[in-house]
Amino acid sequence: MPGGTSHSPFPPPGADYEDEASGLRKHVLALDVGGTGIKAGLVTGDGELTRTWRRATDLERGPRAVIDTIIDFAAELLVRAAADGPPVVAAGFALPGIVDEQTGTGVFSATIGWRDVPFRTLLTSRLGVPVAIGHDVRAGGVAEARIGAGRGSSRFVFLPLGTSIGGVIMIDGRPDLGPHGMGGEFGHIIVRPGGTPCGCGLNGCLAQYASAGAVAARYAAVTGTAVTGARDVVARLIAGDPIAARVWDEAIDALADALLTAAALFDPGRVVVGGGLAEAGDVLMVPLAEALTAKATFHALPELATAELGDLAGCLGAGLSAWDLVP
């Protein structure tokens, strides 16, 4: 897509891979766990990723195998890191699904199938270093706040538009989760009452209109033509396809309605848009800004910015959260 992120330093999916070490500065270990793969790296105190690895999760073997893979991979990497330089001083993990960051528990992951996994306890016992546990989207918000597109904004929303839509409200560099730890579920703002059913059980949620997954699915449903993702829809939009334009306009209109709600409720200074849909760059951001301006009445509109860290965000955020545990 136009305006895409730079090439990731992580190796491609497949066999385990290790890149070259970069210096011997003190570092933490960071792991970003996805459904099928784990990205791992060493992160310095100023947020530099100096070494990277990737490994499959073994999802096909079930949730217990994924948990074992995470723990064993982290332990192996601590040994590798110590053999080449200063030992790792802490570790951070960005996990999918519902995560209780206070207790360090993986409450539930629909993709992987685990429930109530005491990750902090398990990992601290195995690794012997302080362990930070966080949600993958919130970890991305931490990274964008400190070293990405959220720098300089004390109150912003991080909104990744991927297969679905996550989100987190960032205040002074930290996620504001609310008393139940559920804050930032922007994908489930109802923007079209009575509209498309959502997996959460409601109808008309933002994720059903403005996620990268929804854009591809809605185009395929109208045309009967399968597409590999939102990238294909954007290419057809640029080529003049009127149905692609209609689906895209519907997504932008729904997203503008959700951001107007966010402006009224939270008054963020900035909205940092990430995920696959943000790779469209100005094709997304320019009409989104225009739609917000056209819809606003009393609202103080946030600045719109494209996320800077791409698929590095979760790993970097996990590492920065780990540094918070180091005296």
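Predicted model, so just to flag it, every value in this text is computed and none were measured.

Describing helix H2 (residues 119-127)
Stage number 1. Those residues of H2 that fall on the buried side of the exposure criterion are Phe 119, Leu 123 and Leu 127. Each buried residue of H2 sits inside an arc of 30 degrees when the element is viewed along its axis, so together they form one side. Counted as exposed and oriented over 90 degrees from the buried face of H2: Thr 121 and Ser 125.

What to know about the nonpolar core
Note that soluble globular proteins tend to have their nonpolar side chains buried in a common cluster.
Stage number 1. Counting residues in hydrophobic clusters, the biggest one holds 43 residues, and the most contacted among them are Leu 159, Leu 161, Leu 206, Val 215, Trp 248, Leu 255 and Leu 284.
Stage number 2. Counting residues per element, the ones that place at least two in this core are strand S10 (155-160), helix H4 (207-210), helix H5 (212-223), helix H6 (230-238), helix H7 (242-266), strand S13 (270-274), helix H8 (275-278) and helix H9 (282-295).
Stage number 3. Sorting elements by how many residues they give to this core places H7 first, with twelve residues.
Stage number 4. In this structure, Leu 206 is in contact with Ile 165, Phe 186, Gly 187, Ile 189, Val 191, Ser 211, Ala 254, Leu 255 and Ala 258, ignoring residues within four places of it in sequence.
Stage number 5. Of all hydrophobic cores here, the second largest spans 31 residues; its members include Val 33, Leu 78, Ala 91 and Ile 133.

Re the environment of Trp 114
Stage number 1. Position of Trp 114 relative to the elements: it lies in the loop between strand S7 (105-108) and strand S8 (115-117).
Stage number 2. By relative accessible area, Trp 114 is classed as buried at 1%.
Stage number 3. As a C-alpha pair, Trp 114 and Arg 174 span 60 residues in sequence and 26 Å in three-dimensional space.

Considerations on the sheet that holds S10
Stage number 1. With mixed pairing, the five strands of this open sheet are ordered in space as S12-S11-S10-S13-S14. At either end of the open sheet lies a strand with only one pairing partner, and these are strand S12 (174-175) and strand S14 (303-306).
Stage number 2. Strands in contact with H7 are S10, strand S11 (168-171), S13 and S14; relative to S10, the strand with the most contacts, it is inclined by about 155 degrees.
Stage number 3. Strands S13 and S14 of the sheet are contacted by H9, whose axis makes an angle of about 165 degrees with S14.

Section: the sheet that holds S8
Stage number 1. One open sheet holds the three strands; their spatial order is S6-S7-S8, and the pairing between them is antiparallel. Every interior strand has two partners, whereas the edge strands, strand S6 (98-100) and S8, have only one. Sheet twist, expressed as the average angle between the axes of neighbouring strands with direction ignored, equals 20 degrees.
Stage number 2. Sheet analysis places S7 next to S8, joined by two bridges and oriented antiparallel. For Phe 108, the partnering residue across the bridge sits in S8 and is Arg 115.

Regarding the confidence of the model for the chain
Stage number 1. Model confidence for the chain is summarised by a mean pLDDT of 91, while 93% of its residues fall at 70 or above.
Stage number 2. Throughout residues 1-7 the model reports pLDDT below 50, and contacts reaching past four residues in sequence, or to other chains, amount to 18 contacts.
Stage number 3. For residues 13-23, every residue scores under 50 in pLDDT, and the model assigns this stretch 24 contacts once sequence neighbours within four places are set aside.

Section: unusual backbone geometry
Stage number 1. Phi is positive for Asp 58, close to 65 degrees, though the residue is something other than glycine.
Stage number 2. With respect to the secondary-structure elements, Asp 58 resides in the loop between strand S4 (49-56) and helix H1 (63-84).
Stage number 3. Its identity as a non-glycine residue notwithstanding, Asp 267 has a phi of 50 degrees, on the positive side.
Stage number 4. By the element assignment, Asp 267 lies in the loop between H7 and S13.

Some points on helix H10 (residues 313-323)
Stage number 1. Counted residue by residue, H10 has ten buried out of eleven residues, so it is predominantly covered.
Stage number 2. What H10 keeps buried is the set Ala 313, Gly 314, Cys 315, Leu 316, Gly 317, Ala 318, Gly 319, Leu 320, Ala 322 and Trp 323.
Stage number 3. Those residues of H10 that are buried lie in contact with strand S2 (28-33), strand S3 (37-43), S4, strand S5 (91-95), strand S9 (131-135) and helix H3 (136-147).

Quick notes on the rules
Residues numbered from 1 in each chain as written. Predicted model: local features only at pLDDT ≥ 70, side-chain atom pairs only at ≥ 80, totals over all residues. Heavy atoms only, no water. Buried < 20%, exposed > 50% of the residue type's maximum accessible area, 1.4 Å probe, protein only. Helix = DSSP H or I, 4+ residues; strand = E, 2+ residues; numbered from the N terminus. Arc of directions from axis to C-beta. Core = buried A, V, L, I, M, F, W, Y, C linked by side-chain atoms within 4.5 Å. Contact = heavy atoms within 4.5 Å. Pairing = 2+ DSSP bridges. Axes fitted to C-alpha atoms, helices over the stretch in contact; angles between N-to-C directions. pLDDT = per-residue confidence, 0-100.

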